[in-house]
Amino acid sequence: MAGVAVASALGNTPQMGFNTWNSFKGNYNQSIIHNVADLMVSLGLRDAGYNYLVLDEGWSDMERTDEGYLQENRTTFPDGIKPLANEVHGMGLKLGLYGDSGILTCGFRPGSWGYEERDAMTLAEWGVDYWKYDNCGGFQAMTHSPQERFLTMQNALLRTGRDIFFSVCEWGFQFPWHWGGHIGHSYRMSGDITASFTNETDCPCKTAYCLNTGYAGCSVTSILRKMREISVYQERSHWLDMDMLEIGVANMTIPMQQTHFAFWAALKSPLIIGADLRSIDKSSIEILKNKEIIALNQDPLGRPVHFIEGAGVEGSIQVWAGELAVGHVVLVFNEKSYPQDVSLPLEALDLEMHYPVRARELWSGKWWGRISSVEATLEAYQTLVFRLS
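Residues numbered from 1 in each chain as written. Predicted model: local features only at pLDDT ≥ 70, side-chain atom pairs only at ≥ 80, totals over all residues. Heavy atoms only, no water.

- Taking an unreviewed UniProt entry as the reference, the protein chain is identified by name as Alpha-galactosidase belonging to Aspergillus versicolor CBS 583.65.
- Among the UniProt annotations of the protein chain, the heading Sequence similarities (unreviewed entry) holds the following wording: "Belongs to the glycosyl hydrolase 27 family."
- In its Catalytic activity (unreviewed entry) section, the UniProt record describing the protein chain reads: "Hydrolysis of terminal, non-reducing alpha-D-galactose residues in alpha-D-galactosides, including galactose oligosaccharides, galactomannans and galactolipids." (UniProt positions renumbered as here; feature names shortened; annotations may be inferred.)

Given below as structure tokens:
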């Protein structure tokens, strides 16, 4: 299989941006998108690195043209997609659209199965920069494997000659960490995230390796649990996608939101905002704009943190660590709904560092001096993030 990253420089770091689905589902229009684009700029999100504005399910018409081409829903997008792309580009942003690898999309609009070349050329002609490619309609093309269906679109995109980021979205079906990196710049590793921090009842698959991956209902912590098994498959330019951020969407405390963002960043997941920017709290915006946490995600080394089983307490305290281009990062997560004291000798993490080391906790922005262990009280669901040097 040919790799997308060989053909372009796209995906050197995980993508950052905004997606319409979590807040609007399919109910949005040209005016709302203009408003979102303005807010991405005025709230400082573009300057923080969030440059993709992705229109999920709902932008397209229910039918193709008589000639078989995708077309916009002219009721909601009367000016069309190409002028919108030009406007977005003029604001220093990039435009993304949503499609499907089957006959229909999840919302029963036209999928791209059998139309890959035609649809890829349409995206290129419109000036689209990002293609989120789903698997709902794949059920109507299941005589062909997801590897075949997604690879066909990858090749079609490459032949356009335009750099289009390819976001593979098939919910961890058939274990894409073994093949998705050969096809997409990023690829989803689980069912859809839900607006819940802890909710183990709705996610049908509690581990990464089970056949009933489902397509929805996974909480922040259930997705994190899956990553304990598969973060080792993360590769630069082929990012494991933990799904969109629920920061500013769900009823989460500040420590929950910080934990959510810290792990998505440190595990090198794409950082795609799902909140309604018209009503998001200032505290959530500040979390999304934290420069030091974003720097973990965009670190040029591109290596994710990994779960260190023996350093924590199962079901109580999780410890993750990883290498950065300069230094290391350590995350200490209190899984409980009440405060806990933590005493963590850094030597137990086997980071090949000489102790004591200089430590900075990134959420507080405070230097802890030179330390050999982490001694702290963690609030409910809080994660301390240390950069060690």
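Describing the overall build of the protein chain
Right, so step 1: Within the protein chain one finds eleven helices and 16 strands.
Right, so step 2: A compact globule built from 389 residues should have a C-alpha radius of gyration of about 21 Å, and the protein chain, at 21 Å, falls within 12% of that.
Right, so step 3: Its C-alpha atoms give the protein chain principal-axis dimensions of about 70 × 45 × 40 Å.
Right, so step 4: Across the 389 residues in the protein chain, those meeting the buried criterion constitute 58%.
Right, so step 5: Counting every atom, the protein chain has about 15200 Å² of accessible surface; 49% of that belongs to carbon and sulfur.
Right, so step 6: Counting 30 positive and 45 negative side-chain charges, the protein chain places the centres of these two groups 4 Å from one another. (Helix = DSSP H or I, 4+ residues; strand = E, 2+ residues; numbered from the N terminus. Rg over C-alpha atoms; globule rule 2.2 N^0.38 Å. Buried < 20%, exposed > 50% of the residue type's maximum accessible area, 1.4 Å probe, protein only. Areas by Shrake-Rupley, 256 points an atom, 1.4 Å probe, with all protein chains shown as cover. Lys, Arg positive; Asp, Glu negative; His and termini not counted. Charge placed at Lys NZ, Arg CZ, Asp CG, Glu CD.)

Brief notes about the nonpolar core
Right, so step 1: The biggest cluster of nonpolar side chains holds 90 residues, and the ones touching the most others in it are Y50, L55, W59, W131 and F261.
Right, so step 2: Looking at this core, the element that brings in the most residues is helix α9 (residues 254-266), giving seven residues.
Right, so step 3: Both domains that furnish three or more residues to this core are identified here as domain 1 (16-298) and domain 2 (306-388).
Right, so step 4: Ignoring sequence-local partners within four residues, the contact set of Y50 consists of M16, G17, M40, L45, L93, F261, L271, I273, L288 and I294. (Core = buried A, V, L, I, M, F, W, Y, C linked by side-chain atoms within 4.5 Å. Domains from an automatic or database assignment. Contact = heavy atoms within 4.5 Å.)

Description of α9
Right, so step 1: Taking 1.5 Å of rise per residue, 13 residues should cover 18 Å, and α9 covers 18 Å from first to last C-alpha, within 8% of that figure.
Right, so step 2: By the burial criterion, the buried members of α9 are M256, Q257, Q258, T259, H260, F261, A262, F263, W264, A265 and A266.
Right, so step 3: Two residues or fewer past α9, K268 is found with a positive phi of approximately 65 degrees. (Expected span 1.5 Å × (residues − 1).)

A closer look at the sheet that holds strand β8 (residues 271-273)
In sheet architecture, strand pairing relies on hydrogen bonds along the backbone and comes in two forms, parallel and antiparallel.
Right, so step 1: Taking strand neighbours across the sheet as the criterion, the eight strands line up as β7-β6-β5-β4-β3-β2-β1-β8 in an open arrangement whose pairing is parallel. Two strands in the sheet have a free side with no partner beyond their single neighbour: β7 (239-241) and β8. This sheet shows a mean twist of 25 degrees between the axes of neighbouring strands, independent of strand direction. (Pairing = 2+ DSSP bridges. Axes fitted to C-alpha atoms, helices over the stretch in contact; angles between N-to-C directions.)

Observations regarding empty space enclosed by the protein
Right, so step 1: Per the counting criterion, the structure on display carries three cavities of 30 Å³ or more.
Right, so step 2: If you go around the largest cavity, the residues you meet are N19, V54, Y130, K132, S167, R188, D241, D243, M244 and I272.
Right, so step 3: A class-by-class count of the residues in the lining of the largest cavity yields four nonpolar, two polar and four charged. (1 Å grid on protein atoms, 1.4 Å probe; cavity = no way out; pocket = protein on both sides within 12 Å on 5 of 7 lines; lining within 4 Å. Points joined across faces, edges and corners; volume = space filled by probe spheres on them. Nonpolar A, V, L, I, M, F, W, Y, C, P; charged D, E, K, R; others polar.)

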